[in-house]
Structures are given as C-alpha cells and as structure tokens.
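Tertiary structure, described
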Amino acid sequence: MAISPAAQPKMVNDGKPPLVNGRLKLRVLTKSMLAIRVTLIALAVLTVIGFMTFNYQEVHLLKGIATTFVNFKTIFASPQFSHFTFPEAVHQLLITLSLGVLTTLIGALIALFLSMLAAENLSNKTVSNSVKGLMAVIRAVPTVLWVLIFAVSAGLGSVAAVIGMSFHSISYLTKAYSESFEELDQGILEALQGCGAGWWQIICQAVLPSSLTSIVSWTFIRFEINFGVSVAMGAAAGAGGIGYDMFMDSAFYYNLHEMGVITYMILAVAMLLEYLSLQMKKRIRA
Amino acid sequence: MTTLLQFKKVSKQYGSSTVALSDVNFSVNEGELVSIIGPSGAGKSTLLRCINRLIDATSGEIIFDGMDVLSIGRRNLKKLRTKIGMIFQNYNLVERLSVFENVLHGRLGYKTALVGALGFYHEEEKARALEILKSLGLEEQIYKRCDQLSGGQKQRVGIARALVQEPRVLLADEPIASLDPSSSKVIMDHLKNICETFGITVLVNLHQLDVALNYSDRIIGISSGRVVFDGMPSALTHDAIRQIYGSDPDGLNLNVERPKEVAQKR
Ligand SMILES: Nc1ncnc2c1ncn2[C@@H]1O[C@H](COP(=O)(O)OP(=O)(O)OP(=O)(O)O)[C@@H](O)[C@H]1O
Ligand SMILES: [Mg+2]
C-alpha cells in the first residue's frame, strides 16, 4: 500500500517538527506510548471476547441486569429495619470501626519502627533491602488471604481478622512511611549529624517533624481501607460487626430492605471519615 | 598563634576511580578566616566534610585541636562534632520547626540520646540561643516556622545553630551561593565578625573570588583535589588564578585589583 508522503511523519532530526497531513504533531509516538496503546486495545478486544464466550447458563444477560437494578431500587429506595433496631446497628457499626482502628493502630506502630529500618537514608543497605523485601512479599498476598491463613491457627473469627489485617497494614504502611522518609532532604540529616546528634535524636527532631503530614495521611488512607476490609471480614471471616449482619441479611434472610439501611450507614461512616481526614490534614499543615 | 587544624597528606577516593582529594596538606591557625576556592568538582565540599567526618577520608591524617580525627571512636566523634559548627548553601534547616527549635538543635551533641530526642533544653541554653539570635537580628522571627523565612534569614538561623554549639571552628560550604548580593554581604560580615569577636576559626568555601579576596585572612586554592595555592589574598596573582581555575583571569571576568577597591568603598 502506498502511503502518501504527506501522511508519513517526517524524521524529528531533519530540523523541522514532524508534519502529519499538513498538521503539526503535538508529540512524537514513543515506545512507552505505543505499549500503552497496544495494551488498551488488547484489553478492549479481550473484554468483547469475554462477554461473547461467557457461559450464561440459564441467566439472560439483559434480564439479569434489569433484575439487579430492581434489587438496587429495593435496597436504596426502601431501607427498613426488621431483625435489629437502630441502636443495635450502631453498636455493630462501632464494632466494625473498632476493628479498623485497632488494626490500623497496631499496623502504624510497628510500621513506624520497621520503616526507619527500611528507609535507605536512615539505615544501611542490607537491613533496608531485607526489610523492604520481606514487606513486599507480605504485601503481595491480599489481606483477606492473610486473615484466612491466620484462621488456620486462631480459628475463624475476630482474632484471625485482627492479626491478618494488622499484618497487611504493617507491610503497607512500612512502604508508605519509609518512602516519605526517603524523600527527606539528605542535607538536613547531614546538618544534624554535623551537630553531633545521634540516630534517635535525628529521628525525633528532624525526620518525624518533617514527614508528619504524610505519615498522618497515609495512616488515614490505611484506616479507610481497613474499615472497608472490616466490613468484608465480618462476612468472610466471622469477625462480627456490621458486615456479619449484612451477610446474614443477604444470604439467609434475603432482606434487601435491611441491607439498604446497613449500606447507608456504612456510606455515612465512610463520608464522615473522609471529612475528618481532610480536616485533620488541614490542621496539621497550618 | 596556635595551629588548630592540620591536614597531612589527606586523600579521598569515591568508589574505585573518582579521586576527590589527593595528597592535601595545609594547616589553619586559631582565629583565622580561610577561604577555600576552586572550580566545581575540585573537592571543596569533600574537604570540609572530612573535618567533621561527614565524609571519611581514605588516607592521611587530620589533626583538629590535638585530636586525630580519622581514628577517634564514636564517643569522641560526637565530642569532636560539637566543637565544629557547619553551615550550608541550602541552609539545611528542619523547615516545619520553629527558628528557636532549629537553633537549639545545635545543642543536641551535648545531650544524651533520650533528652535530645525529646527536645528538652536547659534554661541557660535557651537564654544563650536567644542572645545569639538577637545578635544576628532574628529576635522577631524566633517563633516563626523556618519555611516562612527568606534565604538570608535562613542562613542566619544556620549560623545561629552553629554558634550555640560553642564551636572552635565554623565550616561554611558555599554559604552565599543562593543569596542576593546584599544578603551575601550581611552573611559574610557576620562570619567575619564571629571570627574577630569570638575568635572562632572560619573555613569557608566560596565561588566568588572578590568575596574571598575581601574577607579572608588567607586563601587556599584547590583544583582537581590538589592544593595549588595557599597564601595571603594579596599573593593571589593572575598566574595563581589561572592555575586554580584553569583559564585566564581576563576570560573569567575577574579583576583581582578592582573588587578590593569596591570593598573599601562599601
Ligand atoms: N557521594 C559521592 N560519590 C561519588 N563521587 C562524589 C561524591 N561526592 C562528590 N563526588 C565527586 O568528588 C569530586 C569532588 O566533589 P565536591 O562536591 O567535593 O566538589 P566541590 O568542589 O564542592 O564542587 P562544587 O563547587 O560544585 O560544590 C567531584 O568529582 C564529585 O563528582
Ligand atoms: Mg560543593
């Protein structure tokens, strides 16, 4: 196929910017851009193939979607209590929140120490690499799986949930904290070393004050994650709380109205957390 | 005059190939203001950092105040560092802390790990820090956070932090490289004043030849890690400048005589 000379991008190095169809190109197609495009196209093709080859059995796709929307309408348009009362629901919600708080706190405390060992500028290369490697392995396994792994020895329930969720929080926060420590200006560490300050003094007087904002915001992000996971753990690992009620409503009582109530309550809490974290960050930054 | 600092055949090698200092010999007397000049990459910063062991020299001997710097142990290293104040081109302050807190960091070397980490300081230390801040014209800024200060103010905080250490020597690594001419003059005047009134020895890395000529008692010129000039400012001839910077002084827009006259008018 003959390509007209005007359609062919000219070489960049002949001194003039490349022209396509008489128009100036904004950027040159690089290898990485090409890779991104190929990936996107491949994903689109796979999605279409996937939908065409699904084994739908008795389910009709469009009818299924329609039913889902009807269920959504029941859940969200007519929430109603039946098996428990509002105070009971709040109590369960608090249990779920506590699970989130507890695992985040445990995770944050341990991660704070580990991250000092993991940060290359505060530790030595061997220690840093081994801590980072270990954390990467722990992080690669999803939280839910850790809970199930610990359930082998602790039994399904809140203990396994606390240990498993803390475990994953530690590795997540260690990475986040240590990266914010590594962003610290090397010159500040040098200056304090030059004053004769020791390691702990440098940590408390320079490293922590400088990275306080990012420590708080990472911890809060993890708390939001942990709150979501706590809801799921109530159902999947029998850790109790609002998630368990939701599971019972959906799988046993098939009470969509009550599910609606629970969903709204969880949503309210999530929004409250978001608002709190924004306020907290503002206050710290000021 | 007693010798405070002595370099004997000091060399520093980074990795296996980069030689930053080779066979450096010089000595500095108590109360002198010595400028170290040389082109970028000559090894000026490396030289200063060898004195307080922020960088370990590869070989040779550094004697500071009778101590063999390269062979002292951990405890003595801390003691050595309290006697050496240092200021930097980028100030290197903890931006989120107040001026006062940053200045008191200079006392950390005198404290046990726990007391220092918690930031407990004696009343006398605080009073002394305040006095120093006042003498540097910073009394109105003491409770400001350091990220709210101008460059010149930050550098004065840096000087204050070094001074509360009660050091014998002040190392300044390009202290005026990021400052405008008038702030530069303020900083250099403070350094000169510190040297003259407290008798603190000052070693300052400079890129501004005119400033070096105006303020120093002595100039050390280094090039590619070697000392190629060591003498009074008046002895810095065109030949010496050519040897330090590797090109003709006329081509560098420098006039050795002229800046001196300017300085006298200031
Ligand atoms: N941490 C390091 N690792 C490897 N090489 C280094 C390191 N620090 C400095 N060097 C090299 O050592 C030589 C001297 O560097 P140094 O920073 O002492 O020069 P300088 O005279 O202070 O330069 P400038 O005027 O640009 O600050 C340079 O060649 C530099 O590349
Ligand atoms: Mg330098």
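Use the structure listed above.
An account of the accompanying structure is given in this report. (Residues numbered from 1 in each chain as written. Chains lettered and ligands numbered in written order. Predicted model: local features only at pLDDT ≥ 70, side-chain atom pairs only at ≥ 80, totals over all residues. Heavy atoms only, no water.)

**With respect to the packing of helix H3 (residues 86-118) of chain A against helix H4 (residues 125-140) of chain A**
All names here are of chain A. Where H3 meets H4, the axes come as close as 7 Å, and the angle between the chain directions of the two elements is 130°. Judged by the angle between their axes, H3 and H4 are oblique. Together, Leu-114, Leu-117 and Ala-118 of H3 and Val-127, Ser-128, Val-131, Lys-132 and Met-135 of H4 make up the contact between the two elements. Tallied by class, the residues present in the contact of H3 with H4 amount to 6 nonpolar, 1 polar and 1 charged. (Axes fitted to C-alpha atoms, helices over the stretch in contact; angles between N-to-C directions. Helix = DSSP H or I, 4+ residues; strand = E, 2+ residues; numbered from the N terminus. Parallel < 35°, antiparallel > 145°, perpendicular 65-115°, else oblique. Contact = heavy atoms within 4.5 Å. Nonpolar A, V, L, I, M, F, W, Y, C, P; charged D, E, K, R; others polar.)

**A closer look at the site of ligand 1**
All names here are of chain B. The immediate surroundings of ligand 1 are formed by 13 residues, with Gly-41, Lys-44, Ser-45, Thr-46 and His-207 found nearest. Taking Thr-46, its side chain carries an N or O atom lying 2.5 Å from an oxygen atom of ligand 1. Taking His-207, its side chain carries an N or O atom lying 2.9 Å from an oxygen atom of ligand 1. When the free accessible area of ligand 1 is taken as 630 Å², the share hidden by the protein chains comes to 58%. Secondary-structure elements contributing two or more residues to the shell around ligand 1 are strand E2 (18-29) and helix H1 (44-51). Looking at the shell around ligand 1, the element that brings in the most residues is H1, giving 3 residues. (Near = heavy atom within 4 Å. Polar contact = N/O pair within 3.5 Å; in protein donor to acceptor, adjacent residues only side chain to side chain. Areas by Shrake-Rupley, 256 points an atom, 1.4 Å probe, with all protein chains shown as cover.)

**Thoughts on the sheet that holds strand E1 (residues 3-14) of chain B**
Residue and element names in this part refer to chain B. Here 4 strands make up an open sheet; going across it, the order is E2-E1-E4-E5 and the pairing antiparallel. The open sheet is flanked by E2 and strand E5 (67-68), the only strands paired with a single partner. Pairing analysis gives 8 bridges linking E1 to E2, with the strands arranged antiparallel. Note that in E2 the partner of Val-10 across the bridge is Val-24. The strands that H1 touches are E1, E2 and strand E4 (59-64); relative to E2, the one it contacts most, it runs at about 60°. (Pairing = 2+ DSSP bridges.)

**Things to note about the packing of aromatic side chains**
All names here are of chain A. Going through the model one piece at a time under the given rule, you end up with 14 aromatic pairs over all chains. Summarising the aromatic geometry, the rings of Trp-146 and Phe-167 are spaced 4.8 Å apart at their centres and angled 70° between planes, so their arrangement reads as edge-to-face. Of this pair, Trp-146 sits in helix H5 (residues 143-154) while Phe-167 is found in helix H6 (residues 158-182), placing the two residues 21 residues apart along the sequence. A residue is classified by how much of its surface remains accessible, and Phe-167, at 27% relative accessible area, is partly exposed. Residues Phe-150 and Phe-167 carry aromatic rings whose centres are separated by 5.2 Å and whose planes lie at 80° to one another, so their mutual orientation is edge-to-face. In this pair, Phe-150 is assigned in helix H5 and Phe-167 in helix H6, connecting sequence segments 17 residues apart. The rings of Phe-69, Phe-72, Phe-76 and Tyr-264 are connected pair by pair, giving a single aromatic cluster. Between the NZ or CZ atom of Arg-222 and the centre of the ring of Tyr-172, over which it lies, the distance is 4.8 Å. (Phe/Tyr/Trp six-rings, centres within 6.5 Å; stacked < 30°, edge-to-face > 60°. Buried < 20%, exposed > 50% of the residue type's maximum accessible area, 1.4 Å probe, protein only. Lys NZ or Arg CZ within 6 Å of the ring centre and 35° of its normal.)

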